[in-house]
Structures are given as C-alpha cells and as structure tokens.
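Notes for the structure review
Listed here are the chains, written in short residue letters.
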Amino acid sequence: MRISKKINLSVLAAGLLVLFFSYYKFSYCVNSNFSGISVTSHGCYSDIPIFWNTHLLEAHLWPYKQIQIPEVNQVINPVEYPFLTGFFTWLLSYITPNADQYGVNFFKVNTLIIGAFFIICLNFLRKTDKSKYFYFAAAPAVIFSLFINWDVLAIAPMLGAIYFFDRGKYRRSSLLLAISISFKFFPVVLLIPIFIIGLTGIGLKKIFNYIALTACFFILINLPAAIYNFDGWLYFYKFSFNRGFGSGSVWEILKLSGVDLKGINFLYFSSTFLVFVFFISYTYKIERSTKLANVAFYFTFAFVIFNKVYSP
C-alpha cells in the first residue's frame with residue numbers, strides 16, 4: 001500500500017530547517033549528557049535519554065514487563081506508553097552505538113527517526129492544505145518540543161488517517177488511525193468527529209465499518225504484546241487513568257496559584273466531557289459536507305486542554 005507520494009522539495013527544506021533549529025535547542029543538553037543542571041538552565045529536558053537509563057535498554061529488556069532487581073532492591077515498571085512506542089524504542093536500542101554516553105547516543109538515533117516522521121507530517125499537511133502547512137513547521141511549540149518524546153510518531157499516521165478519510169479511502173485511513181492510537185492513545189478522539197460526519201453526511205454504515213476496521217487493526221497490532229504479557233501491555237492505560245496531574249498542565253498552574261485541588265480524576269473527566277459536548281454540538285450543526293481535516297483540531301484540543309500532564 002502506497003501511503004504517500006514523493007516528498008515535496010519545499011516540505012523537505014522546511015522540515016530540515018526546523019529539525020536543525022530544534023536539535024540546536026537540545027544541543028546543550030546533548031553536550032552535557034543531559035545533566036540535571038543543563039536541563040534546568042537550558043530547558044532541554046527529554047524523555048528519550050531518561051528512558052534509556054530507567055528501563056535498562058542497554059540490556060535490550062522487553063519494555064512491557066515488570067522487572068525485579070533484588071540486588072539493589074529495585075523494580076522497573078513497564079514503559080508508560082502504548083505498545084508501538086515501547087516496541088519502537090526497544091528496536092532502536094539494538095542499533096544504538098556502544099559508547100560511554102549511551103543515553104546521548106540513544107537520543108541521537110531517535111532524533112533521526114523522529115525527524116523522518118516530522119517530514120512525513122509536513123508532507124501530509126501540504127497535501128491537505130498547500131497554503132498553510134508551513135504554519136506547523138514554523139510553530140515555536142514544534143521547535144521547542146519536537147525531541148521531548150515520541151509524540152510525532154503518532155501524529156504522522158494520524159495526519160495520514162485524516163488525509164485518506166477525507167478522500168474516501170477508508171481502509172487506509174482506519175489502518176493509519178489504528179497505528180497512530182497504538183503509538184499514542186489520544187488520536188482515538190478522532191472517532192467522535194468521524195461518527196458525527198457519518199451521522200450527518202457519508203452514512204452510518206460506512207462509519208460503523210470504519211470504526212470496526214480500526215478496532216480490528218488495533219487488536220491485530222496489540223494482540224501479540226497483550227498475549228505475551230497482558231499486565232505489562234495494560235500498564236500504560238492503568239497508569240494514565242490513575243496518575244495525578246503533572247508538569248505543565250492546567251491543574252499544576254491552578255495549584256501554583258493557590259487553588260486546592262481534590263478529586264483530580266473527577267475534575268479532569270468532567271471538564272474534558274463538557275468541552276467534548278460543546279464541540280460535538282458545534283460539529284453536528286455545521287454543514288453536511290464537513291471534512292475531518294476541518295474539525296479534527298477541536299477534538300484534539302478538547303482532549304489536551306484539561307489533560308493531567310503536558311504532552312508535546
């Protein structure tokens with residue numbers, strides 16, 4: 001299956017320029033081996049070298065298994081990411097060069113792959129709207145956050161799913177959406193506007209088939225890991241549900257402002273639910289020929305704005 005045609009030269013040039021500036025932003029931490037002082041003083045924190053050190057990737061341990069280390073009385077939990085991200089980082093551990101600074105080398109290897117996925121993002125955006133794709137490339141949030149973690153690995157297939165959905169290629173779209181959800185769970189929210197578009201436009205039968213196919217692809221991708229170690233595969237979902245608020249979230253800002261927060265899960269789910277209801281109502285009322293590309297942002301925004309932790 002051909003997902004994308006040849007990369008446009010303007011996309012490649014814009015992508016390489018952004019990647020240069022983004023890597024430069026993280027270069028101080030790279031040169032200082034991501035020491036605590038450099039991360040704080042230059043704002044170049046990244047999950048990538050942290051994962052190398054905390055999940056013993058130099059030993060190529062399976063990332064979705066709880067590991068006991070009795071010699072140092074330590075327990076290594078499964079990674080807090082959906083299956084494809086953990087699987088991806090595990091594979092990259094095998095091609096990370098042997099040297100003293102394993103974490104830095106692992107970061108460098110990941111930047112190459114993340115950079116390729118970022119250019120794929122730009123390519124899908126250009127094919128969706130040739131006049132606006134460079135806004136994404138020029139966004140300061142992209143330059144400052146691109147190498148914090150592996151979110152762009154989910155965004156690339158998510159944009160592909162949107163692109164193919166709006167062109168009626170539902171099988172390709174559902175496969176890419178399932179891949180995206182398996183990298184990072186948030187693209188699942190696109191099923192809401194997809195259902196509304198089916199309800200008001202292309203027909204419920206096509207949409208039910210689309211959702212069923214997405215679920216089947218998701219199961220096929222995740223089933224081997226779930227069979228091998230179900231508790232390890234489930235860890236991310238349980239961790240995400242039970243976690244408290246984290247750095248950069250709206251909830252942390254409120255706490256720093258002196259607001260006493262109790263029942264964070266209730267606050268998170270209720271506020272997120274209200275935003276979703278608003279955008280569901282809005283999407284339902286607009287014209288019947290609405291494309292997914294026109295409304296996908298609203299539902300991603302609804303998921304992100306009150307999330308318990310900031311994510312790039």
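Residues numbered from 1 in each chain as written. Predicted model: local features only at pLDDT ≥ 70, side-chain atom pairs only at ≥ 80, totals over all residues. Heavy atoms only, no water.

To continue, consider the packing of helix H5 (residues 102-128) against helix H8 (residues 152-166). Between H5 and H8, the least distance of the axes is 8 Å, while the angle of their chain directions is 20°. Of the possible angle classes, the one that applies to H5 and H8 is roughly parallel. Where H5 crosses over H8, the two elements pack in a sense that is left-handed. Here Ile114, Phe117, Phe118, Ile120, Cys121, Phe124, Leu125, Lys127 and Thr128 of H5 lie close against H8, whose contacting residues are Val152, Leu153, Ile155, Ala156, Leu159, Gly160, Tyr163 and Phe164. (Axes fitted to C-alpha atoms, helices over the stretch in contact; angles between N-to-C directions. Helix = DSSP H or I, 4+ residues; strand = E, 2+ residues; numbered from the N terminus. Parallel < 35°, antiparallel > 145°, perpendicular 65-115°, else oblique. Left-handed = near helix turned anticlockwise from the far one by under 90°. Contact = heavy atoms within 4.5 Å.)

This part covers the packing of helix H1 (residues 9-31) against H5. At their nearest, the axes of H1 and H5 sit 9 Å apart, and the two run at 150° to each other. Judged on the interaxial angle alone, H5 and H1 are roughly antiparallel. Where H1 crosses over H5, the two elements pack in a sense that is right-handed. For the pair H1 and H5, contact is made by Ser10, Val11, Leu12, Ala14, Gly15, Leu16, Val18, Leu19, Tyr23, Phe26 and Val30 and by Val104, Phe107, Lys108, Thr111, Gly115, Phe118, Ile119, Leu122, Asn123 and Arg126, respectively. Looking at the contact of H1 with H5 residue by residue, the class counts come to 14 nonpolar, five polar and two charged. (Nonpolar A, V, L, I, M, F, W, Y, C, P; charged D, E, K, R; others polar.)

Here the focus is the confidence of the model for the protein. Note that predicted coordinates carrying low pLDDT should not be read in detail. On average, residues of the protein score 88 in pLDDT, and 95% of them reach the 70 mark or higher. Here strand E1 (residues 67-69) is the element of the protein with the lowest mean pLDDT, 76, and helix H9 (residues 170-183) is the one with the highest, 97. (pLDDT = per-residue confidence, 0-100.)

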